[in-house]
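Each chain, letter by letter, is given below.
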Amino acid sequence: MNNKLFDFTDATALIVGGGSGIGKEIAKALCEHGANVAITGRSKERLAAVKQELSLLGKGSCHIISSDITSEASVKEMMLSVTNLFSGKLNILVNSAGTNIRAPIEDVSLEDFHKVIEVNLTGVFLTTKMAHPLLSAASYGRVINLASIFSTVTFPHRLSYSSSKGGVLLFSKTIALEWAEQGITVNTISPGPLLTEINQKVLDDKENYDKFCERIPMRRFGEPYEVVTSALFLASPASSYVTGSDIVVDGGWTSS
């Protein structure tokens, strides 16, 4: 049993935002463990580079789909592509796409606020809703939404981001209840600060970075791969009794 816990041979997975950061690491891990993976994003060039990298693993297959998750029409086209790729069955959906605009509320425009909400929350709504028939048709279904520690705690100048991620957390818990009897689990992962592109502005400012690290018991940002083990567990058949849960991966931030 233990040797097969993370064996994803013949499993199908859609990684939204799989072209970079956490999404890319999860896509890579699933491929390494035998899954057939489709990664989506806006940049075809970035997706193509990731596909080439994953193809060198020699394990599961990788497909790319260019998509804009803030567009209902684009998400419909994406799901049609997934249907064709995977014969109408999807085991794993990972919503990892995200954006952030940092500013005090006085400087947050309505346009900026909408942009963050559309990508981080509305996109999760659209992809999860439209993936339901595919998840229902599979032998088991897993939805993993990337929330954030800022869904339960927050930080100055994170109004839009925290609002969106708080929404992701409660959205996921609600859908977990609705789909609990269908063999589809819905969970979230809440990472703390990670060494990803979305945090580049913080990383470029050493004083700001050090200030952040003072709040982290481990005194460092995490690496994207350090989220992967949680994702593998939640994506696997072994997590069949876990739904509506949130796994926090934050170096101890929310415990301090």
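Calculation rules
- Residues numbered from 1 in each chain as written.
- Predicted model: local features only at pLDDT ≥ 70, side-chain atom pairs only at ≥ 80, totals over all residues.
- Heavy atoms only, no water.
- Axes fitted to C-alpha atoms, helices over the stretch in contact; angles between N-to-C directions.
- Helix = DSSP H or I, 4+ residues; strand = E, 2+ residues; numbered from the N terminus.
- Parallel < 35°, antiparallel > 145°, perpendicular 65-115°, else oblique.
- Left-handed = near helix turned anticlockwise from the far one by under 90°.
- Contact = heavy atoms within 4.5 Å.
- Nonpolar A, V, L, I, M, F, W, Y, C, P; charged D, E, K, R; others polar.
- Core = buried A, V, L, I, M, F, W, Y, C linked by side-chain atoms within 4.5 Å.
- Buried < 20%, exposed > 50% of the residue type's maximum accessible area, 1.4 Å probe, protein only.
- Expected span 1.5 Å × (residues − 1).
- Salt bridge = Lys/Arg side-chain N within 4 Å of Asp/Glu carboxyl O.
- Pairing = 2+ DSSP bridges.
- Right-handed = clockwise from strand over helix to strand, strands pointing away.

*Asks:* Please explain the packing of helix α1 (residues 21-32) against helix α2 (residues 44-55) as it appears in this structure.
*Replies:* For any two helices packed against each other, the geometry comes down to the angle between their axes and how far apart the axes lie. Following both chains from N to C, one finds α1 and α2 inclined at 30°, their axes separated by 10 Å at the closest point. When the interaxial angle is binned, α1 and α2 end up roughly parallel. Here α1 and α2 pass one another in a crossing that is right-handed. Seen from α1, the contacting residues are Lys24, Ala27, Lys28 and Cys31; seen from α2, they are Val50, Glu53 and Leu54. Each residue belonging to the contact of α1 with α2 can be placed in one class, and the counts come to 4 nonpolar, no polar and 3 charged.

*Asks:* Please explain the nonpolar core as it appears in this structure.
*Replies:* The tendency in soluble globular proteins is for nonpolar side chains to be buried as a group. If you look at the biggest cluster of nonpolar residues, it comprises 31 residues, and the most contacted ones within it are Phe8, Ile15, Leu30 and Val37. With 6 residues, the single largest contributor to this core is α1. Core analysis: the next-biggest nonpolar cluster, separate from the first, contains 27 residues, Val16, Ala38, Leu90 and Val168 among them.

*Asks:* Sorry, what's going on with helix α5 (residues 159-178) here?
*Replies:* With 20 residues, α5 extends 29 Å between its outermost C-alpha atoms, agreeing within 8% with the 28 Å of an ideal straight helix rising 1.5 Å per residue. Those residues of α5 that sit buried are Ser160, Tyr161, Ser162, Ser164, Lys165, Gly166, Val168, Leu169, Phe171, Ser172, Ile175 and Ala176. Buried residues along α5 sit in contact with α4 (110-137), β5 (141-146), β6 (184-191) and β7 (246-249).

*Asks:* For this particular structure, what's the right way to read the pattern of salt bridges?
*Replies:* Think of it this way: side chains of opposite charge can pair up when their charged atoms draw near. Scanning all chains against the criterion turns up 3 salt bridges. Linking Arg42 and Asp68 is a salt bridge whose minimum nitrogen-to-oxygen distance equals 3.0 Å. Residue Arg42 is found in the loop between β2 (36-41) and α2, and its partner Asp68 is found in the loop between β3 (62-66) and α3 (72-85); the two are separated by 26 residues along the sequence. Among the residues examined, Arg42 registers a relative accessible area of 57% and is labelled exposed.

*Asks:* Any chance you could explain the pairing of β2 here in plain terms?
*Replies:* Walk down a regular strand and you will see the side chains alternate between the two sheet faces. Burial runs high along β2: 5 of the 6 residues are buried. Here strand β1 (residues 12-16) runs beside β2; their pairing, made up of 5 bridges, is parallel. Note on β2: the bridge partner recorded for Ala13 is Val37. At this point the chain moves from β1, through α1, to the parallel β2, and the crossover so formed is right-handed. With α2 bridging β2 and its parallel neighbour β3, the resulting β-α-β unit is right-handed.

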